[in-house]
Amino acid sequence: MLTTKIIPASADGGIKSFLLMETPVTQGHYESVVGTNPSKFVGDPNLPVETVSWFDAIRFANLLSERDGLTPAYIVDGEDVTPVNGADGWRLPTDEEWGHAAKGGGDYVFAGSDDPHEVGWSSGNSDGKTHPVGLKKPNGYGLYDMSGNVWEWTQDFVLRGGSWNNDPAYARVAYRLRYTPDAANSRLGFRLARSPRHHEGV
């Protein structure tokens, strides 16, 4: 079952309230929408989907929006992607939104703790693979796996959060990694955001 959390606006007003998926998109969720599973690590539908490019994440977002009766957030023409202003559909969070959400209203080094192993999977505890989402401690906004497990694409071609085979230092809330949008490997996943509708309490 898809669960989202309401992320409050930033104190300075620069980031408006938005909804964000509680966990990275899982393989089961991805396959139910797209019909295929590109992941390297398989066997449990609750594993995060990985080996997905930025373009894959954009296509998934539009398909999920259509399935949910929402206005798709992107116009896609080959590799030309144009955001749709005012659309209520699913989209990748911006880099700023992701960072704001990962902090969870606190000031921890990682998303919900100063101890990386308490909140995520990295090279120090992953046994060389991804793990089912939601097993570690959530951050202050109730979000899981924002430090480790899989890197998460943002709308700005920036990856956030570190992964199962990176040193915990890469899972720091403040760390950013820029990739080309066509990159896809077993360290790359994503979660989606969208603007709230009036009845959703924001």
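Residues numbered from 1 in each chain as written. Predicted model: local features only at pLDDT ≥ 70, side-chain atom pairs only at ≥ 80, totals over all residues. Heavy atoms only, no water.

Caption draft 1: Structural detail: the overall build of the protein. Looking only at helices and strands, the protein has four helices and nine strands in total. In terms of overall size, the protein behaves like a compact globule, its C-alpha atoms giving a radius of gyration of 16 Å where 202 residues would be expected to give roughly 17 Å. Out of the 202 residues belonging to the protein, those deemed buried represent 50%. Pairs at least 24 apart in sequence give 60% of the contacts found in the protein among residues at least 6 apart. Accessible area of the protein: about 9,000 Å², with a carbon and sulfur share of 48%. Computed over 18 positive and 26 negative side-chain charges, the separation of the two mean positions in the protein equals 3 Å. (Helix = DSSP H or I, 4+ residues; strand = E, 2+ residues; numbered from the N terminus. Rg over C-alpha atoms; globule rule 2.2 N^0.38 Å. Buried < 20%, exposed > 50% of the residue type's maximum accessible area, 1.4 Å probe, protein only. Contact = heavy atoms within 4.5 Å. Areas by Shrake-Rupley, 256 points an atom, 1.4 Å probe, with all protein chains shown as cover. Lys, Arg positive; Asp, Glu negative; His and termini not counted. Charge placed at Lys NZ, Arg CZ, Asp CG, Glu CD.)

Caption draft 2: Quick look at the side chain of S10. By the element assignment, S10 lies in the loop between β1 (4–7) and β2 (18–21). A polar atom in the side chain of S10 sits 2.7 Å from the side chain of D12. Those residues in contact with S10 that lie beyond four places of it in its chain are I15 and H100. (Polar contact = N/O pair within 3.5 Å; in protein donor to acceptor, adjacent residues only side chain to side chain.)

Caption draft 3: Structural context of the sheet that holds strand β5 (residues 151–153). With mixed pairing, four strands are arranged side by side in an open sheet as β7-β6-β5-β8. With partners counted over all chains shown, the strands left at the sheet margins are β7 (176–178) and β8 (188–189), one partner each. Across two bridges, the pairing between β5 and β8 is parallel. In the sheet register, W151 faces β8, and the bridge partner there is L188. Against the sheet, helix α3 (residues 95–103) makes contact with β5, β6 (158–160) and β7, and its axis sits at roughly 10° relative to β6, the strand it touches most. (Pairing = 2+ DSSP bridges. Axes fitted to C-alpha atoms, helices over the stretch in contact; angles between N-to-C directions.)

Caption draft 4: Representation of the nonpolar core in the model. Ranked by internal contacts, the top residues of the largest apolar core, which has 26 residues, are F60, L92, W153, F190 and L192. Secondary structure elements with two or more residues in this core: α1 (27–34), α2 (54–67) and β5. Among the elements that take part in this core, α2 stands out by supplying seven residues, more than any other. Other than its neighbours up to four places away in sequence, F60 contacts V25, H29, Y30, V33, V34, F190 and L192. One finds F18, L143, M146 and V173 within the second-largest nonpolar core, a separate group that totals 13 residues. (Core = buried A, V, L, I, M, F, W, Y, C linked by side-chain atoms within 4.5 Å.)

Interpretation note: all reported values are geometric properties and have no functional meaning in isolation.
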